[in-house]
Amino acid sequence: MEQMQIDRILEIGVQLTAERNYDELLAKIVDCAMELTNSDGGTLYLYEDEKLKFCITKNKSLGVNRKGSGVEQYPPVAMNEKNVCACAAIQRRLLNIEDAYSCEEFDFSGPREYDKLTGYHTKSILVFPLVSHEGKLVGVVQLINALDEAGRVVPYEKEYEKILVSLGSQAAVAVSNMRFVQEIEQLMVSITQVFTDAIDTRIPYNYYHSRNVYLYVRLLVDYINKRHEEGKCSHYYSPAKRDELLMAALMHDIGKLVIPNEVIDKTTRLGGKLPLVLERFDHLTALCHIDYLEGRLDKSKWRTIKNQLVDAKIRVEEINRKPGLTDEDVAYIEELAARKYTDASGHKISYLTLDEGECLTVKNGNLTKAEREIICSHVEYTEKYLRKMNFKTRYPHIIEWAGMHHEYLDGSGYPRGLKGEEISFEARILVIVDVFEALTSSDRPYKKSMEEEKAFAVLTDMAKKGKIDQEVLELFKEAVAEKGDDLRLFSQAANRDEE
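What comes next is a walk through the structure. Here the residue index of a chain counts from 1 through its sequence in written order. The predicted origin of the model limits local features to residues at a pLDDT of at least 70 and limits the giving and counting of side-chain atom pairs to 80 or more, whereas totals for whole chains, interfaces and linings rest on all residues. Neither water nor hydrogens contribute to the side-chain values; these are computed over all heavy atoms in the structure.

Right, let's talk about the packing of aromatic side chains for a bit. We call Phe, Tyr and Trp rings a pair once their centres come within 6.5 Å, taking the six-membered ring for Trp, and we label the pair stacked below 30 degrees between planes, edge-to-face above 60, and tilted otherwise. All chains considered together, the criterion is met by nine aromatic pairs. When the ring of Tyr381 is compared with that of Tyr385, the centres are 6.4 Å apart and the planes differ by 40 degrees; the resulting orientation is tilted. Here Tyr381 and its partner Tyr385 are both found in helix H13 (residues 369-388), four residues apart, which amounts to about one turn of the helix. The exposure class of Tyr381 is partly exposed, given its relative accessible area of 33%. A network of ring pairs unites the aromatic residues Tyr216, Phe436, Phe456 and Phe476 as a single cluster. Only Lys NZ and Arg CZ are tested; either one counts as a charge over a ring when it is within 6 Å of the ring centre and within 35 degrees of the ring normal. Against the face of Tyr101 rests Arg112, its NZ or CZ located 5.3 Å from the ring centre. Starting at the N terminus, helices and strands are each numbered in turn, a helix being any DSSP run of H or I of at least four residues and a strand any DSSP run of E of at least two. The rule is simple: take the accessible area with a 1.4 Å probe, protein chains only, and divide by the maximum for that residue type; under 20% is buried, over 50% is exposed, in between is partly exposed.

Structure (structure tokens):
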């Protein structure tokens with residue numbers, strides 16, 4: 001064996017172990033085997049479900065380069081030793097056939113039929129198994145028609161056999177290792193699924209939110225890469241970086257697992273406290289009536305208090321649901337909270353507790369300052385959980401990106417109040433997509449969904465005020481517009497329709 005060949009074999013081994021793309025690895029195995037043996041054709045089968053499944057076939061003379069995902073995929077090879085590939089797999093040995101047409105040991109009716117259809121002539125065949133270091137069968141490579149320097153079909157030389165056995169072992173290890181990596185990555189995805197399912201159990205709309213943020217981010221990243229290929233965008237996402245950002249999108253809200261439902265699902269200012277307030281008003285009305293009947297209150301006083309309590313029930317229910325409060329509304333609640341009723345025993349009963357008064361005087365939204373702080377803490381819990389999952393090697397930025405999805409460029413975001421360049425481009429993507437999905441979501445219990453056009457108007461205003469990234473927003477608008485109705489999002493309504 002010439003030194004050049006030895007060097008090439010070593011180089012191929014390095015290439016196989018260095019390849020990170022699964023499809024490229026499989027193609028490289030066939031290419032390397034064909035190159036080493038100067039073969040006209042080669043086919044790779046992977047061993048799955050106790051069958052040899054077609055994966056890749058190449059033929060120089062016919063200009064063929066097909067992969068198993070195509071429409072012309074060949075049927076799997078049954079594990080029957082009359083088939084040369086199956087025999088090599090079952091017996092874990094290399095088979096070298098000088099002439100397929102004169103060989104009676106194996107059934108070559110398939111290649112002969114193919115030859116009739118294409119005008120090709122299959123002659124020399126060499127088949128070798130891919131067996132891992134654990135002795136597990138990974139697949140089989142079949143080479144067709146070795147060529148000499150003049151381009152004539154010749155038998156495969158014996159010196160190739162040891163080389164290909166070595167190549168088969170290296171290729172099997174490379175494929176096994178890559179599959180193992182894929183299994184680990186799938187485990188990560190499964191863990192993520194467990195978290196999102198747990199959120200779904202507690203907060204159904206948030207589950208769809210995380211999934212939809214993932215879909216929007218995927219749409220945007222793929223659009224950015226497309227624009228990059230067209231020379232119209234400087235940003236680009238490698239497959240690894242793309243996966244990392246998508247994982248961050250899916251995991252960005254896992255901290256909401258620890259947020260109490262009474263806070264995160266609060267649809268009105270009082271939330272679940274309203275029945276208790278109304279019951280207290282009824283109780284005070286009854287006490288007032290008893291005091292009147294027993295002579296502790298005169299008729300005028302009784303009617304005044306009774307009418308005040310009737311009015312209080314109406315006003316509290318109205319204020320509890322209003323999107324925004326006027327100064328008059330706030331003043332009324334403050335005055336109502338200051339009232340107390342003294343019962344027959346001398347006990348003073350407040351119309352509203354301090355907590356109820358605070359809830360009912362929230363001018364915009366439904367959450368008090370303390371409740372907002374609880375909601376905001378979900379980002380810190382997200383970071384805490386992601387640190388425990390040890391993504392450092394595979395996803396070194398996932399904690400950073402997920403932990404910034406509520407940070408605004410002007411420093412008004414949370415939890416750290418970061419500004420400008422302190423917020424990464426990836427985090428800026430998450431910020432915009434997170435806001436957009438929340439605005440347009442139809443599953444939020446505390447608000448109506450917003451049309452895309454209005455949601456983009458809100459985001460445009462935020463960009464003008466320096467809160468979010470204008471470039472990212474424009475790219476996102478373009479991506480959504482280009483995709484149109486083809487983007488299928490998750491929603492409770494959609495899932496009910498499917499059921």
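We are not done yet, so read on.
With omega at 10 degrees, the peptide bond leading from Tyr414 into Pro415 counts as cis. Position of Pro415 relative to the elements: it lies in the loop between helix H14 (398-402) and helix H15 (425-440). For Asp49, which is not a glycine, the phi torsion comes out positive at approximately 55 degrees. Within the secondary structure layout, Asp49 lies in the loop between strand E1 (39-48) and strand E2 (51-59). Relative accessible area serves as the criterion here: at 62%, Asp49 is assigned to the exposed category.

Quick look at the nonpolar core now. Note on terminology: a nonpolar core comprises buried Ala, Val, Leu, Ile, Met, Phe, Trp, Tyr and Cys residues joined through side-chain atoms within 4.5 Å. In this structure, Val217, Ile429, Leu459, Ile468 and Phe476 are the most contacted members of the largest nonpolar core, which totals 49 residues. Looking at this core, the elements that each hand over two or more residues are helix H5 (159-202), helix H6 (204-229), helix H7 (239-251), H14, H15, helix H16 (452-464) and helix H17 (470-483). Per element, the largest residue contribution to this core is nine residues, and it comes from H15. Working rule for contacts: check all heavy atoms of both residues, and any pair within 4.5 Å makes them a contact. If sequence neighbours within four positions are ignored, Ile468 has contacts with Tyr408, Leu409, Val431, Ile432, Leu459, Met462, Ala463 and Leu473.

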